[in-house]
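As a plain string of letters, each chain reads:
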Amino acid sequence: LLSQAPAPKVDFGRDVQPIFREHCISCHAPSQTLGNLRLDRRRDALRGGNISDIQPGNSSSSRLYLKLLVGTRFGQLMPDI
């Protein structure tokens, strides 16, 4: 049997911030924070905004994940994803 190595720990700067920078910063940065959500810094991203909560390690409870990727009761999918 082959054993799989555990998945590496997610790092905000390495794994998450590049995605936000590419897809989200134009609307959620210091100059423009739609929904009071700022995604250019980890502490601000984890704080959330009007309706967005990020739950590290718990995507089923993360309203940002649910809105961003699957478009659920938390609203429509974000544009330009």
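Keep in mind that what you see is a predicted model, and the values were worked out from it rather than measured.

What counts, and where the lines are drawn
Residues numbered from 1 in each chain as written. Predicted model: local features only at pLDDT ≥ 70, side-chain atom pairs only at ≥ 80, totals over all residues. Heavy atoms only, no water. Salt bridge = Lys/Arg side-chain N within 4 Å of Asp/Glu carboxyl O. Helix = DSSP H or I, 4+ residues; strand = E, 2+ residues; numbered from the N terminus. Buried < 20%, exposed > 50% of the residue type's maximum accessible area, 1.4 Å probe, protein only. Contact = heavy atoms within 4.5 Å. 1 Å grid on protein atoms, 1.4 Å probe; cavity = no way out; pocket = protein on both sides within 12 Å on 5 of 7 lines; lining within 4 Å. Points joined across faces, edges and corners; volume = space filled by probe spheres on them. Nonpolar A, V, L, I, M, F, W, Y, C, P; charged D, E, K, R; others polar.

Draft legend 1. Fine view of the pattern of salt bridges. Scanning the model with the defined rule gives five salt bridges in all. Arg 38 serves as the salt-bridge partner of Asp 44, at 3.6 Å between the closest nitrogen and oxygen. Arg 47 is the partner of Asp 44 in a salt bridge, and the nearest nitrogen-oxygen pair spans 2.7 Å. Within this pair, Asp 44 and its partner Arg 47 are both found in helix H2 (residues 42-47), separated by three residues, close to a single helical turn. For Asp 44, a relative accessible area of 5% puts it in the buried group. Note on Arg 47: relative accessible area 56%, which makes it exposed.

Draft legend 2. Representation of the environment of Asp 53. Locating Asp 53 in the fold gives a position in the loop between H2 and helix H3 (63-70). For Asp 53, a relative accessible area of 25% translates into the label partly exposed. Spatially, the C-alpha atoms of Asp 53 and Tyr 65 are 8.5 Å apart, while their sequence positions differ by twelve residues. Aside from chain neighbours lying at most four places away, what touches Asp 53 is Ser 62, Arg 63 and Leu 64.

Draft legend 3. Summary view of the layout of surface pockets. Each pocket or cavity is described by its volume, and for the largest pocket that value is around 490 Å³. Around the largest pocket sit 20 residues that line it, and Val 10, Val 16, Phe 20, Ile 54 and Pro 56 are the ones nearest its centre. Where the lining of the largest pocket is concerned, the elements lending two or more residues are helix H1 (12-23), H2 and H3. Split by residue class, the lining of the largest pocket holds 13 nonpolar, five polar and two charged.

Remember, this is a structural readout, not a statement about activity or role.
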